[in-house]
Amino acid sequence: MNITAGNWQTAITERFGIRYPIFAFAHSADVIVEVVKAGGFGVFGGTRNTPDEIRSVLQDIRSRVGDRPFGIDLVIPKGMPAHNNRETIEAEIPDGHRMFVDHIYQKYNVPAPVRSGMRTRFVRSEESAAAQVRVVLESDVNLLALGVGSPPDVVALAKERGKTVLALVGQPKHARRAIEAGADILVAQGSDAGGHTGSIGTFSLVPQVVDIASGRPVLAAGGVVSGRHIAAALALGADGVWTGTRWLLTRENHTDPVITRKLIDAESSDTLITRSESGKTFRQIRSAWSDEWHAPGAPEPLKMPYHDILVGDLLGAINDHHVEPLMHSGAGQGIGMIRAESTVAEVMATLAHETEDAYARLCGSK
Ligand SMILES: Cc1cc2nc3c(=O)[nH]c(=O)nc-3n(C[C@H](O)[C@H](O)[C@H](O)COP(=O)(O)O)c2cc1C
């Protein structure tokens, strides 16, 4: 490994022919394109998009990055229903949970939804995942990232199509399973991370996953927002980093201004892990939303995808109608170190030079 000004060599830079082993997960195609142009690796979060949307966003990104590599992330958890049938799921939602959701509508004067929410556009099911995977396989995207679980059949199909498969893992046992399934690259995502996350901290998780990976590339994730983190990740044995929170406060992410303000103001201690977003443990910034669900007497969130269907339209209405106290965003603990909006190019340049500085200091040349 070598990290000197503008000339980094790790297993990941070599493998993809990229300048920096910095992976950026985002829901904005503009972020992905700018990260790729700045020498990193962008991965579009497509799990809540329809197959048609995925096809068109992949074509759009390709047309803007040329033949440089980029990826798409899907979440394909175990135990989802076979079909995309909202009525069947609705029928099993307990009345007490519906009443609690009604109470939130009333207490905060949330106007009725004008459209389905992000989580209710379709039901997470085997059927919807298979349709998303089909489009990804047909596309020329270079890498498929699997956010929760790594189904061996999907891994095999993607590899047959020449795609690199990357699996996010939050526990050593998940790392072993991902390797058995055939994943090429592991992302060791510690609890500090924004979005769905586990309970093991990044510092404890990364070296364990590196050992299990026995030479396969590993990216460190969870709390990586500066070059000091990147240098630390390399010292822990990772070959690069995987980041999410850092891009929420870039202009190209087009984050809603209310959320932007909340993110800028947030300290690390203003994030918490809650099941109230999707039914699975999810780190987000604290708001009236999490306070309501964690208050005494609130019902336990349902499992995914029942919880998605219970709250999805309400979450959509909160954002569409700007119901400020309830507005929130997934974000990791690293948010406490980000104090202003900037462009993707600025963030990439800062990460690069901070890492080079930290590396030089560790090598004793500073
Ligand atoms: C708002 C938000 C949404 C996320 N959604 C997903 C997702 O759909 N799929 C996934 O694999 N990871 C998702 N993640 C997790 C990221 O892929 C990444 O592992 C994480 O952000 C890394 O930690 P960091 O937030 O501290 O950088 C999300 C993260 C955030 C902040």
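Now for a description of the structure that goes with this document. (Residues numbered from 1 in each chain as written. Predicted model: local features only at pLDDT ≥ 70, side-chain atom pairs only at ≥ 80, totals over all residues. Heavy atoms only, no water.)

## Let's talk about the overall build of the chain
Next, step 1: Scanning the chain for helices and strands turns up 14 helices and 13 strands.
Next, step 2: Here the chain has a C-alpha radius of gyration of 20 Å; the compact-globule value for 366 residues is 21 Å, and the two agree.
Next, step 3: If you line up the chain on its principal axes, its C-alpha atoms span 65 × 45 × 40 Å.
Next, step 4: In the chain, which comprises 366 residues, the proportion classed as buried is 57%.
Next, step 5: Of the contacts made within the chain by residues no fewer than 6 positions apart, 68% connect residues no fewer than 24 positions apart.
Next, step 6: Roughly 15300 Å² of accessible area belongs to the chain as shown, and the carbon and sulfur atoms make up 50% of that amount.
Next, step 7: Charge-centre separation for the chain: the mean point of 37 positive side chains lies 3 Å from the mean point of 42 negative side chains. (Helix = DSSP H or I, 4+ residues; strand = E, 2+ residues; numbered from the N terminus. Rg over C-alpha atoms; globule rule 2.2 N^0.38 Å. Buried < 20%, exposed > 50% of the residue type's maximum accessible area, 1.4 Å probe, protein only. Contact = heavy atoms within 4.5 Å. Areas by Shrake-Rupley, 256 points an atom, 1.4 Å probe, with all protein chains shown as cover. Lys, Arg positive; Asp, Glu negative; His and termini not counted. Charge placed at Lys NZ, Arg CZ, Asp CG, Glu CD.)

## A short note on the packing of helix 8 (residues 172-181) against helix 9 (residues 202-213)
Next, step 1: Their axes nearest at 9 Å, the elements helix 8 and helix 9 cross at an angle of 30°. Considered as vectors, helix 8 and helix 9 are oriented roughly parallel to each other. Read as a crossing pair, helix 8 and helix 9 show a hand that is right-handed. Of the residues in helix 9, those in contact with Pro172, Ala175, Arg176 and Ile179 of helix 8 are Leu205, Gln208, Val209, Ile212 and Ala213. (Axes fitted to C-alpha atoms, helices over the stretch in contact; angles between N-to-C directions. Parallel < 35°, antiparallel > 145°, perpendicular 65-115°, else oblique. Left-handed = near helix turned anticlockwise from the far one by under 90°.)

## Comments concerning the packing of helix 3 (residues 51-65) against helix 6 (residues 126-138)
A pair of packed helices can be characterised by two numbers: the angle between their axes and the separation between those axes.
Next, step 1: Running from amino to carboxyl end, helix 3 crosses helix 6 at an angle of 25°, the nearest separation of the two axes being 9 Å. The orientation of helix 3 relative to helix 6 falls into the category roughly parallel. For the pair helix 3 and helix 6, the crossing hand works out as right-handed. Judged by residue contacts, Pro51, Ile54 and Arg55 of helix 3 engage Ala131, Gln132, Val135, Val136 and Glu138 from helix 6.
Next, step 2: Considering only residue class, the contact of helix 3 with helix 6 consists of five nonpolar, one polar and two charged. (Nonpolar A, V, L, I, M, F, W, Y, C, P; charged D, E, K, R; others polar.)

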